[in-house]
Amino acid sequence: MSRKPIIAANWKMNVTPSEAVTYLDTFLSTFSQPVNVDIVIGASFVTLPKAAELIGPNPAVDLAAQNMSHEANGAFTGETSAAMLNDVGVDYVILGHSERRSLYGEDDAVINKKVHATLAAGMKPILCIGESLEEREGGQLESVLTSQLEGSLAGISADQMADIVIAYEPVWAIGTGVTASKEQAQETQAFVRSVLEKIFGSDVAGATRIQYGGSVKPGNAEELINQPDIDGFLVGGAALDPNSFAEIVGAGIGG
Ligand code: 13P
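Now for a quick tour of the structure. Keep in mind that what you see is a predicted model, and the values were worked out from it rather than measured. (Residues numbered from 1 in each chain as written. Predicted model: local features only at pLDDT ≥ 70, side-chain atom pairs only at ≥ 80, totals over all residues. Heavy atoms only, no water.)

## Considering the overall build of the protein
On a plain count of helices and strands, the protein comes out with 11 helices and 8 strands. Here the C-alpha atoms of the protein give a radius of gyration of 17 Å, agreeing with the 18 Å that 2.2 N^0.38 yields for 255 residues. Within the protein, the fraction of its 255 residues that count as buried is 53%. When the accessible surface of the protein is summed, it comes to about 10800 Å², and 51% of that surface belongs to carbon and sulfur atoms. (Helix = DSSP H or I, 4+ residues; strand = E, 2+ residues; numbered from the N terminus. Rg over C-alpha atoms; globule rule 2.2 N^0.38 Å. Buried < 20%, exposed > 50% of the residue type's maximum accessible area, 1.4 Å probe, protein only. Areas by Shrake-Rupley, 256 points an atom, 1.4 Å probe, with all protein chains shown as cover.)

Here it is, written out as structure tokens:
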């Protein structure tokens, strides 16, 4: 089954609207035509409108938010709704990132509501899952990933899975410079696909794109993307430089 790679920058709480202009001037000039990789820029809420304006006419690049409220509207101070993101032109929403889970207390039940709300608004979730080092070393890798998938995807139909991307991000590899080896990432992502197969069947499992995230950089992108169950990346630190992110996308195009 051939799956189109999807490579996304997660800028996290970096890149102001003004900085996005400089970044995207460089980056978008490299990717002005459609390529065989879906390219996504994940910007902060305040940077999204400026990024949308710059990306708008570009046929190769889509825009992602990094979080979203599951509530439609109302008295939820500080929150941002699906309608607001839609209005700005957001295509994807990164949900359940480990920083949201560990620093802001998001659990699978709330992430599941966000997945449903994102799809209902016509946008595509990038659903993040991943284990801590303690969990991996304690033999809980498979049970943690299984319960994250079952919980976050509760009530999702096989048809809806066509619009969902999974990002496997081992917590111990995020921002640490320690990348999962290509064997570790492949083995774990094959396991993630087997869980999807149990829930949704083999057609859906075979068609779902599973990204790897955690200290991806130009130097390791190629060996990772060449693994059969790695269908792209979610990139933090190395995506803060447009040339470095372009090199990682280039590995996907070549791979
Ligand atoms: P780093 O690429 O900085 O390790 O971050 C990965 C990540 O969390 C992307 O969402």
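## Digging into the site of the ligand
In the region of the ligand, 13 residues are neighbours, and K12, H97, G175, S215 and G237 sit closest. At 2.7 Å from an oxygen atom of the ligand is found a side-chain nitrogen or oxygen belonging to H97. Within the side chain of E169, an N or O atom sits 3.0 Å from an oxygen atom of the ligand. Within the complex, the protein chains bury 95% of what would otherwise be the 310 Å² of accessible surface of the ligand. For the shell around the ligand, the residue count by class is 4 nonpolar, 7 polar and 2 charged. (Near = heavy atom within 4 Å. Polar contact = N/O pair within 3.5 Å; in protein donor to acceptor, adjacent residues only side chain to side chain. Nonpolar A, V, L, I, M, F, W, Y, C, P; charged D, E, K, R; others polar.)

## Remarks on the pairing of strand 8 (residues 232–235)
Neither face of strand 8 is left uncovered, since the one carrying G232 and L234 and the one carrying F233 and V235 both have all their residues buried. Pairing analysis gives 4 bridges linking strand 1 (residues 6–10) to strand 8, with the strands arranged parallel. Looking at the pairing, A9 lines up with V235 of strand 8. Relative to strand 8, strand 7 (residues 210–213) is paired through 2 bridges, and the arrangement is parallel. (Pairing = 2+ DSSP bridges.)

## Section: the environment of I230
Looking at the secondary structure, you find I230 in the loop between helix 10 (218–225) and strand 8. The contacts of I230, once residues within four sequence positions are left out, are A185, Q186, Q189, I210, Y212, L224 and I225. (Contact = heavy atoms within 4.5 Å.)

## Some details on the sheet that holds strand 5 (residues 124–129)
Reading around the barrel, the 8 strands line up as 1-2-3-4-5-6-7-8 and close back on themselves, with parallel pairing between neighbours. Strand-to-strand twist in this sheet, taken as the mean axis angle between neighbours without regard to direction, amounts to 25 degrees. In the sheet, strand 1 pairs with strand 2 (residues 38–42) via 5 bridges, with the strands oriented parallel. Within strand 2, the position partnered with I6 by the bridge is D38. With respect to the sheet, helix 1 (residues 17–30) is in contact with strand 2 and strand 3 (61–65), its orientation differing from that of strand 2 by roughly 180 degrees. (Axes fitted to C-alpha atoms, helices over the stretch in contact; angles between N-to-C directions.)

## With respect to helix 11 (residues 242–254)
Compared with the 18 Å implied by 1.5 Å per residue over 13 residues, the 18 Å span of helix 11 between its first and last C-alpha is a close match. Buried residues of helix 11: P242, S244, F245, A246, I248, V249, A251 and G252, and no others. Elements that come into contact with the buried residues of helix 11 comprise strand 1, helix 1, strand 2, helix 10 and strand 8. Where helix 11 begins, the side chain of D241 points an oxygen toward the backbone nitrogen of N243, at a separation of 2.9 Å. (Expected span 1.5 Å × (residues − 1).)

## Digging into the side chain of N10
Among the structural elements, N10 can be located in strand 1. Within the structure, N10 has its side chain in polar contact with the backbone nitrogen of K12 (distance 3.0 Å). Apart from residues no more than four positions distant in its own chain, N10 is found in contact with G42, Q66, I94, H97, L234, V235 and G236.

## Some details on the packing of aromatic side chains
Enumeration over the complete set of coordinates arrives at 5 aromatic pairs. Seen from their ring centres, W11 and Y23 are 4.8 Å apart, and the 70 degrees between their planes marks the pair as edge-to-face. In this pair, W11 is assigned in the loop between strand 1 and helix 1 and Y23 in helix 1, connecting sequence segments 12 residues apart. With a relative accessible area of 5%, Y23 lands in the buried category. (Phe/Tyr/Trp six-rings, centres within 6.5 Å; stacked < 30°, edge-to-face > 60°.)

## A closer look at the environment of E222
Mapped onto the secondary structure, E222 falls in helix 10. On the basis of relative accessible area, E222 is assigned to the exposed category, the value being 52%. For the pair formed by E222 and K182, sequence separation is 40 residues and the distance between their alpha carbons is 9.9 Å.

## Quick look at the nonpolar core
With 72 residues, the main nonpolar core has F27, I41, L153, I166, Y212, F233 and F245 as its most contacted residues. Looking at this core, the element that brings in the most residues is helix 8 (residues 182–200), giving 6 residues. When near neighbours in sequence (up to four residues on either side) are disregarded, F233 contacts I6, I7, A8, Q211, Y212, V216, A221, L224, I225 and I248. (Core = buried A, V, L, I, M, F, W, Y, C linked by side-chain atoms within 4.5 Å.)

In short, geometric facts, not functional conclusions.
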